[in-house]
Structures are given as structure tokens and as C-alpha cells.
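A structural walkthrough
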Amino acid sequence: MLVLVAPGQGAQTPGFLTEWLDFPGVRGALEAWSDAVGLDLIRYGTEADAEEIRDTAVAQPLLVAAGLASASLLFEDPADFPRKVGAVAGHSVGEFTAASLAGVLPHEEALRLVRTRGLAMAEAAAVTETGMAALLGGDPDVTVPHLTKLGLTPANINGAGQIVAAGTKEQLAALEADKPEGVRKVVALKVAGAFHTHHMAPAVDTLAKAAEALTPGDPKLTYVSNADGRAVATGSEVLDRLVGQVANPVRWDLCMETFKELGVTALVELCPGGTLTGLARRALPGVKTLALKSPADLDAARELIAETPTSAADAAGA
């Protein structure tokens, strides 16, 4: 069984969309989506520097557009998508990519909502100087209480020995000076604020108002949520979770546990891939993984998709 996953903020790098524009339909789609969100996604994905695409209001729609565009190139026949993909999930803003691929929201609606999300989160982040840092190594049972003691939030519990802490710059400095037992390294992330914490509460209200105008469809394939790793069956619940997740921790560890329970045997990470594939390699032994880092990875991804059974019954030869 195949799961497609979409990365979150921080995965973007300068010029990462350049090579993708050579493929039929990609430039046209990005131009249409740029008009829909009022943002030149092509320029940001090809010419902008690291600081420009670090901006939350830019990074979020840019990442979702990249994920949707790369997903469109995996199947010659779009009808193959729901037949060959067993499940979808995304990390943080990548959940919007996954929800749109599952049919919960049309691509342009998803991108408009993401643009609203990015602007609202950037505004919330400007209130207080905050940030995020990845902790490498350590035991969650030790790390999480230590973060709480310092006033930090375990904003991303990613599994495979990685937790991301979020809070004020002062709290993060205290963490650097007083690492939890077993943590090898604390790495500051290139994000603009303490996402998935109470600092983002104003953005939740803004996003909720924007979501009121939408009519989501039910997922056409298994959609796995960051909130608790649970598969969500109705579009209304998916949308509610997308709104609330802005100020609540990402439980990618639980998403990967659900992948195990579903019988996932292959995982493809959409552009700009790498981060989630790395986590999967450590947490999901035996699962074949592939990251779409550039168009050069497309052929290998298509081969992996072609050889992956669409269900446990297919895998058993039923």
C-alpha cells in the first residue's frame, strides 16, 4: 500500500521549482494559482532568495503549490490517483496539500485558504519574537517535561528521535543552555515564529472565518490527520482540524504509527521532499521510501508506485 506525504514549512530552498517548470501543465497551473492567491509563485519558486521564501505568508502557498504540481506528474492518467494511492498525509501546512489531493478542497480553494493561513500566522508571529528548534535524540518521556519546565511547547513530535520545541527567543536560548538529558543537538529552524502553539491563537480565528465560506467534500481516500494520527472520514472534520491545527502540536509520530496499522509498504514524499522520508526511514523499517527532490526522481517514483499493491488484498494475491 502506498502513502503520499507532503512536507511542511522549512523544506523550501531557493530555486527549487525551476526544473519543474519544464513539464507540461506545471507552468500553467502555477500561473493560475498565482492569480488565485495574489502571489507570483513562479518568481518565488525560481528567483527569490532564502530570506524571501522564509516569509510565512510566501512559504506556505509556495509549498502547497509545489506539492500539488509534483503530484500531478506521478500519474499519466489522473484516474489512477485514487486507485494507486492508499492514503495521504501532510506535515503542518502539508496537510492542505494532502486534503486537496484527497478531494476535500479544490486546489485553488485550498491555496486561497493557505494564503490566508500564512498571512494570519505571519501577523501572529510578529506580536512576540518567537521561533522553533529541533531536538535531535533523547527520550520523549524525558524531553517533553523538560520543555514544559522551560515554558516551551513540543510543537512537532515527529518520531524517529525528533521533537521540535517552540516558544519565545528567550525560552529557546534557555533550552540551548540546558538541553534535556539524551538530546545530542538543538538546531534552530528557519521559520518566522512559534507555530502550533498558543502564540498562533489569533490566526485560528482568522482561518475559521475564512473556512466558513467553504463546502468541503469527504476524502476520496484515507486522509491521516496531524492532530492525533487518526484517519478522518468527513470533509467537515478535515476542515475543522486544518483550522485548529495552527495552534496545536503536530503528531507526525502518530501519523507514522497509523501508516503501520494501515499496512503501508511504500512512501513517496512530494516536492520538495526529503524531511519526511528521512523520518520514515528511521521509524518505518521495511517501508520503501522515495523523496521527490527534483524531476530526476519522477521515474523512480513512478516505478515504485507501479510495483506497490493498492491494498493488503492485492499484496496477498487475492
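Residues numbered from 1 in each chain as written. Predicted model: local features only at pLDDT ≥ 70, side-chain atom pairs only at ≥ 80, totals over all residues. Heavy atoms only, no water.

**A short note on the sheet that holds strand S8 (residues 231-232)**
- As summarised here, the arrangement of the six strands in space is S8-S7-S2-S1-S9-S10, forming an open sheet in which the pairing is mixed. Each edge of the open sheet carries a strand with a single partner, namely S8 and strand S10 (288-291).
- Strand direction decides the pairing type here: strand S9 (residues 266-269) and S10, joined by four bridges, are parallel. Considered in S10, the bridge of Glu 269 is made with Ala 291.
- Across the sheet, helix H6 (residues 94-101) lies against strand S1 (2-6), strand S2 (87-90) and strand S7 (222-224), angled at about 155 degrees from S2, the strand it touches most.
- Where helix H14 (residues 298-307) meets the sheet, its contacts fall on S1, S9 and S10, and the angle it forms with S10 comes to roughly 150 degrees. (Pairing = 2+ DSSP bridges. Helix = DSSP H or I, 4+ residues; strand = E, 2+ residues; numbered from the N terminus. Contact = heavy atoms within 4.5 Å. Axes fitted to C-alpha atoms, helices over the stretch in contact; angles between N-to-C directions.)

**Some words on the sheet that holds strand S5 (residues 162-168)**
- With antiparallel pairing, the four strands of this open sheet are ordered in space as S4-S5-S3-S6. Two strands in the sheet have a free side with no partner beyond their single neighbour: strand S4 (153-159) and strand S6 (183-188). Put simply, the sheet's adjacent strands are angled 25 degrees from each other on average, direction ignored.
- Here strand S3 (residues 130-137) runs beside S6; their pairing, made up of five bridges, is antiparallel. Bridge assignment links Gly 137 to a residue of S6, and that residue is Val 183.

**Quick word on the pattern of salt bridges**
- Taken as a whole, this structure holds 13 salt bridges when the rule is applied.
- Ionic pairing is found between Asp 228 and Arg 241, a salt bridge with its closest N-O pair at 2.9 Å. On the criterion of sequence distance, the pair formed by Asp 228 in the loop between S7 and S8 and Arg 241 in helix H11 (residues 235-244) is long-range, its members being 13 residues apart.
- The class of Asp 228 is partly exposed, set by a relative accessible area of 33%.
- In this structure Arg 241 comes out as buried when scored by relative accessible area, which is 15%. (Salt bridge = Lys/Arg side-chain N within 4 Å of Asp/Glu carboxyl O. Buried < 20%, exposed > 50% of the residue type's maximum accessible area, 1.4 Å probe, protein only.)

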